[in-house]
Amino acid sequence: MSDKDNNQGPQDEAPKGLSRRGFLGTSAVASAALAGATALGGTVFTRESWAAAAKEARSKIHVAPGELDEYYGFWSGGHQGEVRVLGVPSMRELMRIPVFNVDSATGWGLTNESKRVLGDSGKYLNGDCHHPHISMTDGKYDGKYLFINDKANSRVARIRLDIMKCDKMLTVPNVQAIHGLRLQKVPYTKYVFANGEFVIPHPNDGHSFDLQDKNSFTMFNAIDAEKMEMAFQVIVDGNLDNADMDYSGRYAAATCYNSEKAYDLGGMMRNERDWVVVFNIPAIEAAIKAGKFIHVDGDKTPVVDGRKVDGKDSPFTRYIPVPKNPHGLNTSSDGKYFIANGKLSPTVSMIAIDRLDDLFAGKFKDPREVIVAEPELGLGPLHTTFDGRGNAYTTLFIDSQVVKWNMDEAVRAYKGEKVNYIKQKLDVHYQPGHNHASLTETSEADGKWLVVLCKFSKDRFLPTGPLHPENDQLIDISGEEMKLVHDGPAFAEPHDCILARRDQIKTQKIWKRDDPFFAATVAIAKKDGINLETDNKVIRDGKKVRVYMTSMAPSYGLNEFTVKQGDEVTVTITNIDQIEDVSHGFVMTNHGVSMEISPQQTSSITFIADKPGLHWYYCSWFCHALHMEMVGRMKVERA
Ligand code: CUK
Ligand code: CUA
Ligand code: CA
């Protein structure tokens, strides 16, 4: 075999036939092989079996030219701010959906349509997305929307999956850094739940910087998924990290790593235990319906207080102590457990959801009585995912492994039975954060694919200077044994991804003329008496000039238009092509103006014509053999 045949192996200096991990340190590979060997009855790789395994891996992920992937994958673009659409298992990138970033190709952040979605928050040019999630009905993906958080500017965005464009964005009031984001699964996604991560003083106006003060807190946020408006907020003790919801629609849960309300690392690690906070959604709704709510810092969102008073629980929350500084919170796809991942502790804590009614009813002396197992998995457990066959897969950040373990057996072991719940440990490359199995956060978890999002790629790819790509690895989990089948380099930094069956996502091939995405632009045209599908006209309105034109490959409806220096020019283009894939663009040279106009779409962009002279505009999407000739001129007369 050649080295590049070896999927887990070396591309350069390592001796032939040895994995690089083996080359770097025999201990790592030995322990992994041993872990594998114990679980799998002694698989020891030879040079020949590596080659065979690599060949088998290639055959599994190979999607031939013209063939389609089985799954859509939606990847968070991390602090790059976008959402990326991949095909799985090929791991080919299909599309990028700009959300919290500015995108030159589509004009996101530049066009009037996108600026309306961005609203006031459009002044920020950065974002940091972590958690993409698809709306559900009866615990299954309904393919309508994808929601994603922006930690950097405390926002939540919604993407319409029929057009794969962001159509709503909301800045969550009076919290800092929206991190954990999850959706109501049952009966349908009525609420988007979003965690405000950092504790801040209220009002945050500089009157105090004291986090121990009782007016310093953060909030758990519920957003109306359809309206994309705030539904309610819940004040909590400590801070909030990750979240999830159950399959009954009653309970949501979140991890807290800063129960100390500390300012720094040392302080945040002081307590031996932090907690999982569980929210009783019907109790919160009932209080709000009965008018028993407050307002925070002058905002109109109804707020209830979920903090303990003198050690006494509120009706809205329960705090379940878990080992210090937990991270991921995952609901098992069988609906039985909330699983809090230990991070600093080698364990995960399994909370029995069917004990939460009794917990809220005050039937337990110790809230930890809802914990039915705390299996020890390895170093640095961050996130857990499920195969629908009773197994869970947890990333071990420090060990650079994914551990497959059995949930029932972990519960039995906690009761004292002698059973080895660990099924397999697989090396991943390296330092994994999230992992995600196909359909895992729905009731249809199908146990086929596992994506592991590794924070470090080190030597897995051709070097790219000091900044390395991340490494999203694809693992086949359809059999007894996990098998690594693909390395996928990714740019900064997908925290999380989700997979949906391709039949669950239904997209439009061309725009509908009455699409709400550009309805406000259509309304302005209507006021100007313009028929967007036929008219090519310039409307002058004082210093404001509105230029309307059509586009049809390979020409614009207007070859030229004239304005005066200093005019505010709005160019509105309607692509009257009906043919799938014939997108046009509009770029005004030297004006920072660029946008996409796909078939039957209307797009508009506004700029100041501040330079007298002749300025060419051109089509930026290659639409026709005569695409280069799809041009026009803006004549700017001297003021
Ligand atoms: S967090 Cu990034 S690895 Cu934001 Cu879901 Cu755990
Ligand atoms: Cu139109 Cu290129
Ligand atoms: Ca802590």
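I will try to describe carefully the structure that is included in this document. (Residues numbered from 1 in each chain as written. Chains lettered and ligands numbered in written order. Predicted model: local features only at pLDDT ≥ 70, side-chain atom pairs only at ≥ 80, totals over all residues. Heavy atoms only, no water.)

1. Considering the sheet that holds strand β15 (residues 273-280)
Read from one edge to the other, the open sheet built from four strands follows the order β13-β14-β15-β17, with strand pairing classed as antiparallel. Every interior strand has two partners, whereas the edge strands, β13 (243-245) and β17 (317-323), have only one. Strand after strand, the sheet turns through a mean of 20° between neighbouring axes, direction not considered. Sitting on the sheet, helix α6 (residues 281-289) is in contact with β13, β14 (251-256) and β15, with an inclination near 55° to β15. (Pairing = 2+ DSSP bridges. Helix = DSSP H or I, 4+ residues; strand = E, 2+ residues; numbered from the N terminus. Axes fitted to C-alpha atoms, helices over the stretch in contact; angles between N-to-C directions. Contact = heavy atoms within 4.5 Å.)

2. Some remarks on the sheet that holds strand β2 (residues 82-88)
Pairing is antiparallel across the open sheet formed by four strands, whose spatial order is β3-β2-β1-β30. Strand pairing shows two members of the sheet lacking a second neighbour, β3 (92-98) and β30 (497-501), which therefore form its edges. In this sheet, neighbouring strand axes are inclined to one another by 25° on average, regardless of whether the strands run parallel or antiparallel. Note: strand β1 (residues 71-76) against β30, five bridges, orientation antiparallel. In the sheet register, F74 faces β30, and the bridge partner there is I498.

3. Some words on the pattern of salt bridges
Taken as a whole, this structure holds 40 salt bridges when the rule is applied. Between D358 and K363 there is a salt bridge whose closest N-O contact spans 3.4 Å. Taking the shortest distance from any N to any O, the salt bridge between K423 and E409 comes out at 2.8 Å. In this pair, K423 is assigned in strand β25 (residues 422-427) and E409 in helix α8 (residues 407-414), connecting sequence segments 14 residues apart. By sharing partners, the salt bridges in this structure join E56, K60, D476 and K483 into a single network. (Salt bridge = Lys/Arg side-chain N within 4 Å of Asp/Glu carboxyl O.)

4. Structural notes on the site of ligand 1
Around ligand 1 lies a shell formed by H130, H131, H179, N242, H327, H383, G433, H434, K455 and H495. The residue makeup of the shell around ligand 1, split by class, is no nonpolar, nine polar and one charged. (Near = heavy atom within 4 Å. Nonpolar A, V, L, I, M, F, W, Y, C, P; charged D, E, K, R; others polar.)

5. Side note on the nonpolar core
Generally speaking, nonpolar side chains in soluble globular proteins are found buried as a group. Counting 30 residues, the largest nonpolar core has F74, V99, I134 and L146 as the members making the most contacts within it. Mapped by element, the contributors of at least two residues to this core are β1, β2, α4 (112-118), β4 (133-137), β5 (140-150), β6 (155-160), β7 (165-171) and β30. Looking at which element gives the most residues to this core, the answer is β5, with three residues. Formed by 25 residues, the second largest nonpolar core is a distinct cluster that contains V563, V582, I605 and C619. (Core = buried A, V, L, I, M, F, W, Y, C linked by side-chain atoms within 4.5 Å. Buried < 20%, exposed > 50% of the residue type's maximum accessible area, 1.4 Å probe, protein only.)

6. Topic: helix α3 (residues 47-61)
Along an α-helix, a turn takes 3.6 residues, which lines up residues three or four apart on a common side. The terminal C-alpha atoms of α3 lie 22 Å apart, and with 15 residues this matches the ideal 21 Å at 1.5 Å per residue to within 8%. Every buried residue belonging to α3 is among W50, A54, A57 and I61, and all of these are buried. Within α3, the buried residues cover an arc of 60° as seen down the axis, which keeps them to one side. Facing away from the buried side of α3 by over 90 degrees, the exposed positions are E48, K55 and S59. As for α3, its buried residues are in contact with β27 (449-454), β28 (470-476) and β29 (483-490). (Expected span 1.5 Å × (residues − 1). Arc of directions from axis to C-beta.)

7. Quick notes on the pairing of β1
Burial analysis of β1 places six of its six residues in the buried class, the great majority of the element. The side-chain alternation of β1 yields two buried faces, one formed by Y71, G73 and W75 and the other by Y72, F74 and S76. Looking at chain direction, β1 and β2 are connected through six bridges and run antiparallel. The residue bridging Y71 from the neighbouring strand is V88, located in β2. What sits between the antiparallel neighbours β1 and β2 is a turn of five residues, in which G78 has the positive phi angle 55°.

8. A closer look at α8
Within α8, the full set of buried residues consists of M407, E409, A410 and V411. The backbone nitrogen of D408 lies 3.1 Å from a side-chain oxygen of the residue at the head of α8, namely N406. After α8 finishes, the residue G416 shows a positive phi value of roughly 110°. (Polar contact = N/O pair within 3.5 Å; in protein donor to acceptor, adjacent residues only side chain to side chain.)

9. With respect to the pairing of strand β24 (residues 401-406)
When you tally the buried positions in β24, you get six out of six residues, the bulk of the element. Going residue by residue along β24, you find Q401, V403 and W405 tucked away on one face and V402, K404 and N406 tucked away on the opposite face as well. In this structure, strand β23 (residues 391-396) lies alongside β24, joined through six bridges in antiparallel fashion. Looking across to β24, one finds that Y393 is bridged to K404. Where β23 folds back on β24, the antiparallel hairpin that results is connected by four residues, among which S400 adopts a positive phi of roughly 50°. Sheet topology note: the β24/β25 ladder contains five bridges and is antiparallel. Bridging from a neighbouring strand, K404 pairs with Q424 of β25.

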